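Chain and residue survey
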Amino acid sequence: MQLALIALVPLLGALLPPLAMRAGRNVCTVVTAGVTLAALAVLVAAAPAVLRGETVRAGTDWVPQLGLSFRFMLDGLGLFFAGLILGIGLLIIVYARSYLARSEPAGRFFAYLLLFQGAMTGIVISDNVLLLVVFWELTSLSSFLLIGWWSQAPEGRQGARMALIVTGGGGLLLMAGMLLLGQAAGSYELSVILTRGDIVRASPLYIPILLLVLGGAFTKSAQFPFHFWLPHAMAAPTPVSAYLHSATMVKAGVFLLARLWPVLSGTEAWFVVVSTTGLVTMLVGAWIALFKTDLKAILAYSTVSQLGLMTMLLGFGTPEATVACLFHILNHATFKAALFMGAGIVDHETGTRDIRRLGGLVRLMPVTAALSLVAAAAMAGVPLLNGFVSKEMMLAAAYDTHWAGLPWLVPVGATLASLLSVAYAARYGFGVFLGRRRQPAPAAHDPPAAMWAPVAVLVVPVIAIGVAPQLLAGPLVAVAAGSTIAAGSAIPVDLALWHGVNPALLMSVTALVGGVALLAIWAGLDRLRARIGAPDAKALFDRGIDATVAAARATIGALHTESLPRYLAVILATTVAVGTAGFLSGTYAPGTRALLPVGPPSLVAFLALAAASLAVVVVHGRRLLTLVLTGVVGLMVSLAFLKLSAPDLALTQITVEVVTTILMLLALNLLPKRTPLETGRLRRLRDAAIAGAAGLGTAGLAYAVMTRDLATTISDFHIAQAKPGGGGTNVVNVTLVDFRGFDTFGEIIVLCIAALVIVAMLETALRGAAARRLDQLRRSPLAADVHPLVLVVVTRLLLPLALTVGVYIFLRGHNQPGGGFVAGLVVAIALIMQYIASGYGWAADRRRFDAHVLLGAGVLLAGATGLGALLFGRPFLTSAFGHFDLPLVGDVELATAMLFDAGVFLTVVGTVVLSLARIARVEQRVERGTAARSSTAAHNGAARSGAGEA
Amino acid sequence: MEILIAASIGFLTMAGVYLVLRRHSYPMIVGTAFLSYAVNLFLFAMGRLTLDRPPLVDPAAPGYTDPLPQALVLTAIVISFGMTALIVVLALRGFLETGSDRLDGGPPHEPEAPGADRAGGPA
């Protein structure tokens, strides 16, 4: 598991900088650097084995069913990249300490930076391709956070969004590609996939895999035509540009191409797509870079161009080209990061990044100028610097490449791109540091050593590798190339400064001389470029985004009409259609189960139910009548339960019926009393058709099931075990509190939540617009007597009786019809009747309990009973029971399930009382308002009549 | 008896579906109540119909009906009460907040002619 630490240390370490920031910026920087150093130490500890040619593996399964594992592997390529990421990361952290303004939250910045660092190292050491995709998207996210660091600037926000859309979208392509790749190769482990290149290339999925993976790689590595996001990402602080957008993250695409090189390369499709894209990117990037005026934009486009170079090399598909690519990755990371940090220093000291306003800085800041000039020369490919060596290898590889039967195309393109890169590098060097001093910036001077030291550290290898490439970079490139090309076995690598006079050298010289010459005619070229014109990528992108947003709005606008009836009509019609299709495509044979006889009472009840159902459809405009009809239906359903051997259901249904009716009455008091009839015959016909079809369907389905015999079910077990296992003879109750107690536990929690939501909604109804409307409502003139004396007396007399009945129903519930639910409802009805008969105020004053407490106590009691079983080493909600001989009462059976049922009881009482009492409280306001107004009206009337008499 | 129960389920579903497709909150609530009846009966019927054999363990009993659908339906009845209470309050609050009990975003309830049995009316 040690290997995972290379990625996990920075990821988890990202929590530390914001904390360390309390102790100051220096401590914060040290802590951040310490985290990176720790990861680096783990990497170094694993390095010897890798350099010997071994592959270090570690990890564990994650979701094996999905092929997702948490496995890492470190081979030469991984070591090469991880070393770059962590090494340059360390320098960037030191540099950022001085770069960030004192007022900026450096802790957060370092946290993002470490997040990126961990994600990026995760990419290069993942063994599982799905894990790799996870890290891949994490880098896109952290890049988004860092580009938008200065979120007050619109460029920062837009650049961040654009980068996220392009690279995040590419990440989705990559994910699809990786899923297909895993399918084709039969494994999601890279170490397995790498050995199955032949299978993958022969698979019919090869072309989709290739295109999807390339989609991910090209967007990340800013390849044409996805290159446009990178320059806009330059809105980020310069340390970020140096780190993410030149040295590491943009190379993730190149890394991926190298990683999958043994699997995907070697085909015509690979060669054509990858090398062409690389070549075009190289030329386009270099051409644009030549004419940019912002230092960071020049460097950004040059990065695009250099990434194109690397892609092209991998596209060639030869070992020599791949070695050149890896070597150039190393070189580019060093000189480009140095250049970016140099540009940051210039910006920091002079306050501008516009090359037109800069010049002659070598006299003001000699150290920075010297370092930047060396790096720029390396970028141009000047001999004795590392850029020269790898660029010459690139030219040699290009010279050997025939593209579509044209032997000259790639060499000429590569030379031309090199020539352009010489030109833009020279323009950069001359324009900023040499030449005439243009901007009066007398205060500009070299920054403190902490800021230029990281640049110097990078310039050292630029020179050293340039002088002795084989000695210093040879072994690392060899082991990286070995694991890229030959699955571990090292391949001979010869990095030399001098290969004799060969075509590559001639191309190199042409590029150097031509590049300088090109700079001489730069002004003319600039005019030419202005005349040619080019599509503005950002404008195109913005237009694309706007069109997408408009399309999304249109779709949402069409679907999301805020009309509940329309949604329901669509849902119901679809359900009916699916059911009809199912019925028509199947076969039907009548059932064989004998029908039960029908007595006259059943027939009468059925007729009442049917009549009420039909009537409610017709008269639903009259709401009170509708409620009465609903009550009739509820009563008939209770009777049906009673008739069909379900006494518990009948009891529950009838009590719930009462509570529901009270609830609806309370609500109707405030709602309009009539529903206006809906116009639109067509609409009513449509609804009637849906309703009729649905009714016919359910009736037919129910009939079909009921006329067939039931196979053996778990119910037989429940019946057999009710007494010996659950200690009760009422199987339904035992099922509720014991066999399926967990269900019941969930149910009472749902009840609790419903009650609390009701409280929340009504609590706030007494303020704001709702309260004003309440004040305008009048009590119905029909309710002349608010608290009729008869009702008051009867309910008060009934209260103790109802409570007794409730307790009785509760106690007998385990063995006879009854139980917590019914008992709770009965008690709740008795209590609610007090509110209705005597008024909210009267009842609330006399209430000795808090309904909230009842709710909580109920759930807690039920839960604690269940947990109690755990204490005895039994599963949650196991019940126990025993017989006790109580004096006078006799033998009493007590079961822990009773305690659970008591919890149910309390919750039901709490829910009903709480919700209904809250509605009653809202009504009270109307009542008071009416009373107040009627007294005022009476007063006014008296005054008026008095005036009339006078 | 099976025919009666099946027909009852059909009638209840029909009324419920028709009512939930109305444009005002109150019929919609009543519609869900009807659908609850229908669904509860339907679930209950899945245990098949039996006369005079309640699931109360008794050595003298000739047999029992299926207790499991009953247990499921029992909690369903209570839960549908909770749900009804919730949407009633939701509708109530919506009406108090906006002055409209329309569900399709249409114009609010037209004022009714005086004399209708409606709360309020001109003072």
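Conventions adopted
- Residues numbered from 1 in each chain as written.
- Chains lettered and ligands numbered in written order.
- Predicted model: local features only at pLDDT ≥ 70, side-chain atom pairs only at ≥ 80, totals over all residues.
- UniProt positions renumbered as here; feature names shortened; annotations may be inferred.
- Helix = DSSP H or I, 4+ residues; strand = E, 2+ residues; numbered from the N terminus.
- Buried ≥ 20, exposed ≤ 12 C-beta atoms within 10 Å, placed from the backbone.
- Contact = placed C-beta atoms within 7 Å.
- Pairing = 2+ DSSP bridges.
- Nonpolar A, V, L, I, M, F, W, Y, C, P; charged D, E, K, R; others polar.
- Expected span 1.5 Å × (residues − 1).
- pLDDT = per-residue confidence, 0-100.
- Axes fitted to C-alpha atoms, helices over the stretch in contact; angles between N-to-C directions.
- Parallel < 35°, antiparallel > 145°, perpendicular 65-115°, else oblique.
- Left-handed = near helix turned anticlockwise from the far one by under 90°.
- Core = buried A, V, L, I, M, F, W, Y, C linked by C-beta atoms within 7 Å.

An unreviewed UniProt entry lists chain B under the name Na(+)/H(+) antiporter subunit C, with Rhodoplanes serenus given as the organism. If you open the UniProt record of chain B and go to Sequence similarities (unreviewed entry), you find "Belongs to the CPA3 antiporters (TC 2.A.63) subunit C family." What UniProt states about chain B under its Subcellular location (unreviewed entry) heading is, verbatim, "Cell membrane".

For chain A, an unreviewed UniProt entry supplies the name Monovalent cation/H+ antiporter subunit A and the organism Rhodoplanes serenus.

1. Considerations on the overall build of chain A
When its secondary structure is counted, chain A shows 39 helices and four strands. Looking at chain A as a whole, 49% of its 950 residues are labelled buried. Considering only residue pairs separated by 6 or more positions, chain A has 78% of its internal contacts joining residues 24 or more positions apart.

2. Focus: the overall build of chain B
When helices and strands are tallied, chain B shows three helices and zero strands. From first element to last, N terminus to C terminus, chain B shows the α and β order α-α-α. Relative to its full complement of 123 residues, chain B shows a buried share of 60%. Restricting to contacts in chain B with at least 6 residues of sequence separation, those with at least 24 account for 50%.

3. Brief notes about helix α24 (residues 522-532) of chain A
With zero of eleven residues buried, α24(A) is to be regarded as a mostly surface element. Looking at the residues trailing α24(A), positive phi occurs at A:Gly533, about 70°.

4. Quick look at the UniProt feature "transmembrane region" (unreviewed entry) in chain B
Residues and elements named next belong to chain B. Mapped onto the present numbering, the UniProt feature "transmembrane region" (unreviewed entry) falls on residues 6-21, 28-51 and 71-92. End C-alpha atoms of residues 6-21 are separated by 23 Å, and the span's content is 94% helix alongside 0% strand. In residues 71-92, the share of helix is 100% and the share of strand is 0%. The end C-alpha atoms are 32 Å apart.

5. Quick look at the environment of B:Leu49
Tracing the backbone shows B:Leu49 in the loop between α2 (25-45) and α3 (67-98). Along the sequence, B:Leu49 and B:Ile5 sit 44 residues apart, while their C-alpha atoms lie 9.1 Å from each other. Residues within four places of B:Leu49 in sequence aside, it is in contact with A:Leu596, A:Leu644, A:Met706, B:Met1, B:Glu2 and B:Ile5.

6. Focus: the pairing of strand β1 (residues 56-63) of chain A
Here seven bridges tie β1(A) to strand β2 (residues 68-74) of chain A, and the two strands are oriented antiparallel to one another. Within β2(A), the position partnered with A:Gly59 by the bridge is A:Arg71.

7. Examining the interface of chain A and chain B
Chain A puts 108 residues into the contact, and the matching count from chain B is 87 residues. It is helix α30 (residues 681-706) of chain A that contributes the most residues to the side of chain A that touches chain B, 14 residues altogether. Counted by class, the side of chain A that touches chain B contains 64 nonpolar, 28 polar and 16 charged residues.

8. Let's talk about helix α4 (residues 76-99) of chain A
With 24 residues, α4(A) should reach 34 Å at 1.5 Å per residue; the first-to-last C-alpha distance of 34 Å fits that figure. The buried count for α4(A) comes to 20 of 24 residues, which makes it a mostly enclosed element.

9. Thoughts on the confidence of the model for chain B
Residue and element names in this part refer to chain B. The share of residues in chain B with pLDDT of 70 or more is 87%, and the mean pLDDT across the chain is 83. Taken element by element, the predicted model of chain B shows its lowest mean pLDDT in α3 (90) and its highest in helix α1 (residues 2-20) (94). Scored as a complex, the prediction yields pTM 0.68 and ipTM 0.89.

10. Let's talk about the confidence of the model for chain A
Per-chain confidence: chain A averages 87 in pLDDT, with 94% of residues scoring 70 or above. At the level of individual helices and strands, chain A shows its lowest average pLDDT in strand β4 (residues 890-895) of chain A, which scores 65, and its highest in helix α10 (residues 206-220) of chain A, which scores 95.

11. Points about the packing of α4(A) against helix α21 (residues 449-467) of chain A
Residues and elements named next belong to chain A. Packing of α4 against α21 brings their axes to within 7 Å, and their N-to-C directions diverge by 155°. Our classification of the angle between α4 and α21 gives roughly antiparallel. The two elements α4 and α21 cross, and the hand of that crossing is left-handed. Within the contact between the two elements, α4 uses Leu91, Val94, Tyr95, Arg97, Ser98 and Tyr99 and α21 uses Ala450, Met451, Pro454, Val457 and Leu458. In terms of residue class, the contact of α4 with α21 is made up of nine nonpolar, one polar and one charged.

12. A few points about the nonpolar core
Residues A:Val213, A:Leu313, A:Leu326, A:Ala338, A:Ala375 and A:Val477 are the most contacted members of the largest nonpolar core, which totals 208 residues. Of all the elements, helix α17 (residues 319-350) of chain A adds the most residues to this core, at 18 residues. Those residues within four positions of A:Ala338 in sequence are excluded, and the remaining contacts are A:Leu371, A:Ala375, A:Val455, A:Leu458, A:Val459 and A:Val462. A:Val617, A:Leu651, A:Val734 and B:Tyr64 belong to the second largest nonpolar core, which has 145 residues in total.

13. What about the packing of α30(A) against α2(B)?
As a packed pair, α30(A) and α2(B) sit with axes 10 Å apart at the nearest point and diverge in direction by 20°. One finds that α30(A) runs roughly parallel with respect to α2(B). You can see that α30(A) and α2(B) cross each other, and the crossing is left-handed. Each of A:Thr698, A:Ala702, A:Val705 and A:Met706 in α30(A) lies in contact with α2(B), whose residues at this interface are B:Ala38, B:Phe42 and B:Ala45.

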